[in-house]
Amino acid sequence: MARGRWLFLILMTALTVVLGWSGHVTGALWPPVVALAVILVFRQALWGLVAGALAGAILLEGGNPVPALISLLPEHLLPGLTSPWKIGAVAFTLILGGFAAVLEEGGGFTTLLRRFSNPPDRTGRRMETAAAGLGLLCFFDGLANSMLVGRVGRNLADRAGVARVKLAYIADSTSSAVACVALISTWIAFQLSMIDTAFAQAGHDVNPYAVFLASLPLNFYCWFTLVMLWVAIRQRFHPGPMAAFDREATARIPATDPEVQGGPMTAALVPLAVLILAFFAGFLVLGTEGTPWPMTRDRVVAAFGSDAGPLVMVIAAVTASVAALILFPRLGKARWEPAVQAFGRGFRAMVLPVFILVAAWMLGSVISALGTAELIASLAQRGGELAWVPSLVFLTGALVSFATGTSWGTMGLLFPLTIPAAVSLGAAEPQLHLVVAAVFSGAVFGDHCSPFSDTTIVTSISCGVDPHDHVRTQLPYALLTAAAAVFLGFLPAGYGAPGWLLLVLGSGAILALPRIWPRPRSAG
């Protein structure tokens, strides 16, 4: 199997060299094709993005791989690292990874979930609602959310008669979808850097945070995922295989597992409050010219639209991490050692995502130099309308993320292509915000339900369920949500329908699903 993969990689390299020698126009499309193909074959986002960047560099060097390899670092990586947003993205991602691990190790979230899920009710709604609330509270990191909700909640779910696959669905639905729209998360730095890079390649000088905020109401898949989760919990909506698992769980004798030991809730809640307060205070102080007082709407908007974002994110992450270390509960005679070790584990866990981020920047630079976006735009102008672009971007992102299992890899692949191409098609800023949201939504779809996604796998493991069962019970929810995102979100929004109205209509349609769904639901 490994030999076949390496033969495939050699073949892709050989084809790249041939395209570089021939100078064929379709060579501009080759780097993203190589990146996607390598991700699909190797299941590694990092190697796929690096392979795509190297393929593009070979094309730029006329088919000569040696100068191409030499040029990657000085021409396509180092120039981008001078951006404050990119430096801030790396620092913030690493520090917040350590912060999340300290909160998890402290046990405060365990105590919180146990308190709000007891006593269990007959239907399991109380426990499921508590698990969803914990997932929303862990907005700062998708993987930390999946591990925490699953590990803390699975014994409580057994005692409450809640199917573990239902718990896995809850954990997965409050991980990537929440982290993608959270103002503070391990995702936000990556998202802002992608926005900054893509708009710069399109010739637009924008504030990444302002663009992110403008895209939030249009991120239909993420918002509809949370609405669907509410329907699944409160209205007991169980399409597909989930209904059988739910009936089996409610008929099962509650487990007698011992209570999971937790820690003080203050060890989790206070550092979270510090993170949020430091974030907002940092923008108001560092992002405002002069004094932030009196605090008016215009001053707040100007503060969040300033260039203080990278520094504010790092300061907030450091401040919150210090608070988490100070409040870490004493374990026997030790406190600092387990706390610092937990921070180190979380920090190291974010190293691979940071490398993926850097590889995405490198691929974006190569794609820009090749003029790939302009080629895509010219092809799109022959057979498509601008109004259809957001829907097509979402569907493309959904397919790529589902096939590859990587949300960050999908964003790194699509942002350098879609934003410049949309600009070439004549898209203005409101339409570009919709395209940004479509990339985010498409990337989250695969992270939410792909059998190859690290979030899907981690959720399955932490909840104690078979990954296959998790995927097949979650997929009906994801497909219904994606359909609502297209037909009641991106498609009408592309023709100018206001985002707030579409959120209301789409949410109403999802809320009505249990009444019109043809398959029987579990009782309760």
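Anyway, here's the lowdown on the structure attached to this text. Treat the numbers as computed from the prediction; the structure is a model and nothing was measured.

### What to know about the overall build of the protein
Consideration 1: A count of helices and strands for the protein gives 27 helices and zero strands.
Consideration 2: Put simply, 81% of the contacts in the protein that link residues at least 6 apart link residues at least 24 apart.
Consideration 3: Taken as a whole, the protein presents about 21100 Å² of accessible surface, with 68% of it coming from carbon and sulfur.

### Quick word on the pattern of salt bridges
Consideration 1: Following the criterion strictly, the structure yields five salt bridges and no others.
Consideration 2: A salt bridge links K166 to E128, with the nearest nitrogen and oxygen atoms 3.0 Å apart. Placement of K166 in helix α9 (residues 164-173) and of E128 in helix α7 (residues 125-137) is noted, with a sequence separation of 38 residues between them. As far as burial versus exposure is concerned, K166 and E128 are alike and both buried.

### So, the environment of A317
Consideration 1: Tracing the sequence through the fold places A317 in helix α17 (residues 309-326).
Consideration 2: C-alpha of A317 to C-alpha of V274: the two residues are 43 residues apart in sequence and 9.2 Å apart in space.

### Details of the side chain of H238
Consideration 1: Note on placement: H238 falls in the loop between α13 (220-234) and α14 (242-251).
Consideration 2: Assessed through its relative accessible area of 2%, H238 is described here as buried.
Consideration 3: Within the structure, H238 has its side chain in polar contact with the side chain of K166 (distance 2.9 Å).

### Overview of the nonpolar core
Consideration 1: Ranked by size, the top nonpolar core spans 139 residues in total, and within it F220, M411 and F415 carry the most contacts.
Consideration 2: Broken down by element, this core gets its largest block of residues, 12 residues, from helix α23 (residues 429-449).
Consideration 3: Sequence-distant contacts of F415, that is, excluding residues within four places in its chain, are made with M194, I195, A198, P420, V436, V439 and F440.
Consideration 4: Of all hydrophobic cores here, the second largest spans seven residues; its members include W30, V34, V38 and A55.

### Considering the packing of helix α11 (residues 188-201) against helix α12 (residues 208-215)
Consideration 1: Two numbers describe how α11 lies on α12: the axes approach to 9 Å, and their chain directions differ by 105°. Considering the angle they form, α11 stands roughly perpendicular to α12. Counting all contacts with α11, which are made through I188, Q191, L192, I195, D196 and F199, the residues of α12 involved are P208, Y209, V211 and F212.
Consideration 2: Across the contact of α11 with α12, the residue classes break down as eight nonpolar, one polar and one charged.

### Quick look at unusual backbone geometry
Consideration 1: You will see that R236, though not glycine, has its phi angle at about 55°, which is positive.
Consideration 2: With respect to the element layout, R236 can be found in the loop between α13 and α14.

### Structural notes on α12
Consideration 1: When α12 is considered as a whole, its buried residues turn out to be P208, Y209, V211, F212 and S215. Considered in projection along α12, the buried side chains sweep an arc of 160° and stay on one side of the axis.
Consideration 2: Structurally, the start of α12 carries an N-cap: the backbone nitrogen of Y209 is 3.0 Å from a side-chain oxygen of N207.

### So, helix α15 (residues 266-286)
Consideration 1: A rise of 1.5 Å per residue sets the reference length of α15, with its 21 residues, at 30 Å; its end C-alpha atoms lie 28 Å apart and thus fit the reference within 8%.
Consideration 2: Within α15, the full set of buried residues consists of A267, A268, P271, L272, L275, A278, F279, G282, F283 and L284.

Conventions we followed
- Residues numbered from 1 in each chain as written.
- Predicted model: local features only at pLDDT ≥ 70, side-chain atom pairs only at ≥ 80, totals over all residues.
- Heavy atoms only, no water.
- Helix = DSSP H or I, 4+ residues; strand = E, 2+ residues; numbered from the N terminus.
- Contact = heavy atoms within 4.5 Å.
- Areas by Shrake-Rupley, 256 points an atom, 1.4 Å probe, with all protein chains shown as cover.
- Salt bridge = Lys/Arg side-chain N within 4 Å of Asp/Glu carboxyl O.
- Buried < 20%, exposed > 50% of the residue type's maximum accessible area, 1.4 Å probe, protein only.
- Polar contact = N/O pair within 3.5 Å; in protein donor to acceptor, adjacent residues only side chain to side chain.
- Core = buried A, V, L, I, M, F, W, Y, C linked by side-chain atoms within 4.5 Å.
- Axes fitted to C-alpha atoms, helices over the stretch in contact; angles between N-to-C directions.
- Parallel < 35°, antiparallel > 145°, perpendicular 65-115°, else oblique.
- Nonpolar A, V, L, I, M, F, W, Y, C, P; charged D, E, K, R; others polar.
- Arc of directions from axis to C-beta.
- Expected span 1.5 Å × (residues − 1).

The quantities given are spatial measurements derived from coordinates; they are silent on function.
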